Amino acid sequence: MAKSTKALLTGRIQMCKTNPSIAHIGLATHGRSIQIGSSLTLLASAAWADPQSEISVYRKSYGLSAVTADAKLTELARQQANAMAERRSMDHNVYASFRSRIAPYGSPSAAENLAMGTKTFGETLAIWKSSSGHNANLLKPNVTRMGLASASRDGTTYWALILAAPPEPPQSNVRVLSIFPPIILFRVGTP
């Protein structure tokens, strides 16, 4: 972060601390930028972790591998989040079962965490960490890919996180029964 930007941010924080009429700074995240009030937008840096980094750091603290964002899983998560928002329902089967939605991806192991009503990913992750089932999904040993999406309707945000092992290569349905060519035996001569 540039020195002048850091000074401006520090100044705004100090102004908020010393002026009781200012209730909050007004931080809002927008992808890889941070909006502070209406006057300043900062580009995100390593100091402002993204969900992939936050999940990876959490997994690494348990000796597990990091996760990488996967476009196909992100699209599946987006479809799920949008369906939940459209129907105003937090449900793994809101438009199709998780098993049927993840099958085309081809992963041998996958899990889905859903949430509703939280405003930020940080709040959502904290809830998942405190729930044994959701936390088990976050710490699933063989997953290395993730997709995350949120969708809002009427002020309620719906979250979908899909964690998965890499897809397995497609299996061939052809089985080789023998590597030897057929042998035909003939008897020559008289019996």
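So, a few notes on the structure that sits alongside this text. Given the structure is predicted, the values throughout are model-derived calculations rather than measurements.

Notes on the sheet that holds strand β6 (residues 145-153)
The strands that make up a sheet are held in pairs by hydrogen bonds between backbone atoms, and each pair lies either parallel or antiparallel.
So, point 1. Strand order in the open sheet made by the four strands is β4-β6-β7-β5, with mixed pairing throughout. The open sheet has two free edges, formed respectively by β4 (68-69) and β5 (110-116), since each of these has just one partner strand.
So, point 2. Here β5 runs beside strand β7 (residues 156-164); their pairing, made up of seven bridges, is antiparallel. Bridge assignment links Met-116 to a residue of β7, and that residue is Tyr-158.

Some points on the nonpolar core
So, point 1. With 18 residues, the main nonpolar core has Leu-73, Met-84, Ile-102, Ala-160 and Ile-162 as its most contacted residues.
So, point 2. Every element with two or more residues in this core is listed here: α3 (71-87), α4 (98-102), β6 and β7.
So, point 3. At seven residues, the largest contribution of residues to this core is made by α3.
So, point 4. The residues touching Ala-160, leaving out its near neighbours within four places in the chain, are Ala-77, Gln-80, Ala-81, Met-84, Asn-113, Leu-114, Gly-147, Leu-148 and Ala-149.
So, point 5. In terms of nonpolar packing, the next biggest core, distinct from the first, is built from 15 residues, Ile-55, Val-67, Val-143 and Leu-163 among them.

Focus: the environment of Ile-102
So, point 1. Its location among the elements puts Ile-102 in helix α4.
So, point 2. Here Ile-102 falls in the buried class, since its relative accessible area comes to 10%.
So, point 3. Sequence spacing of Ile-102 and Glu-112 is 10 residues, and the spatial spacing of their C-alpha atoms is 9.7 Å.
So, point 4. Those residues in contact with Ile-102 that lie beyond four places of it in its chain are Leu-73, Leu-76, Ala-110 and Ile-162.

Here's the deal with the pattern of salt bridges
So, point 1. Applying the stated rule across the entire model yields five salt bridges.
So, point 2. Arg-78 is the salt-bridge partner of Glu-75, the closest N and O atoms lying 2.5 Å from each other. A residue pair is termed a helical-turn pair when its members lie 3 or 4 positions apart in one helix, as Glu-75 and Arg-78 do in helix α3 at three residues.
So, point 3. Given a relative accessible area of 38%, Arg-78 falls into the partly exposed group.
So, point 4. We note a salt bridge from Arg-101 to Glu-112, for which the minimum N-O separation is 2.9 Å. Of the two residues, Arg-101 sits in helix α4 while Glu-112 sits in strand β5, which places them 11 residues apart along the sequence.
So, point 5. Judged by relative accessible area, Arg-101 falls into the buried class, the value being 6%.
So, point 6. Given a relative accessible area of 5%, Glu-112 falls into the buried group.

Some details on the packing of helix α2 (residues 51-60) against helix α5 (residues 121-130)
So, point 1. Running from N to C, α2 and α5 cross one another at 30°; their axes reach a closest spacing of 11 Å. The angle between α2 and α5 falls in the class roughly parallel. In this structure, α2 meets α5 at a crossing whose hand is right-handed. Mapping the contact onto sequence places Pro-51, Glu-54, Ile-55 and Tyr-58 in α2 and Phe-121, Gly-122, Leu-125 and Lys-129 in α5.
So, point 2. Grouping the constituent residues of the contact of α2 with α5 by class yields five nonpolar, one polar and two charged.

Points about the packing of aromatic side chains
So, point 1. Scanning the entire structure with this criterion turns up three aromatic pairs.
So, point 2. When the centroid spacing of 5.3 Å and the interplanar angle of 70° are considered together, the rings of Tyr-58 and Tyr-62 count as edge-to-face.
So, point 3. You can call Tyr-58 buried: its relative accessible area is 12%.
So, point 4. The rings of Phe-121, Trp-128 and Trp-159 are connected pair by pair, giving a single aromatic cluster.

Structural notes on α5
In an α-helix there are 3.6 residues to a turn, and that puts residues three or four apart on one side.
So, point 1. Every buried residue of α5 is accounted for by Phe-121, Thr-124, Leu-125 and Trp-128. Relative to the axis of α5, the buried residues are bounded by an arc of 95° and lie together on one face.
So, point 2. In this structure, the buried side of α5 is in contact with α2, β5, α6 (132-138), β6 and β7.

Calculation rules
- Residues numbered from 1 in each chain as written.
- Predicted model: local features only at pLDDT ≥ 70, side-chain atom pairs only at ≥ 80, totals over all residues.
- Heavy atoms only, no water.
- Pairing = 2+ DSSP bridges.
- Helix = DSSP H or I, 4+ residues; strand = E, 2+ residues; numbered from the N terminus.
- Core = buried A, V, L, I, M, F, W, Y, C linked by side-chain atoms within 4.5 Å.
- Buried < 20%, exposed > 50% of the residue type's maximum accessible area, 1.4 Å probe, protein only.
- Contact = heavy atoms within 4.5 Å.
- Salt bridge = Lys/Arg side-chain N within 4 Å of Asp/Glu carboxyl O.
- Axes fitted to C-alpha atoms, helices over the stretch in contact; angles between N-to-C directions.
- Parallel < 35°, antiparallel > 145°, perpendicular 65-115°, else oblique.
- Left-handed = near helix turned anticlockwise from the far one by under 90°.
- Nonpolar A, V, L, I, M, F, W, Y, C, P; charged D, E, K, R; others polar.
- Phe/Tyr/Trp six-rings, centres within 6.5 Å; stacked < 30°, edge-to-face > 60°.
- Arc of directions from axis to C-beta.

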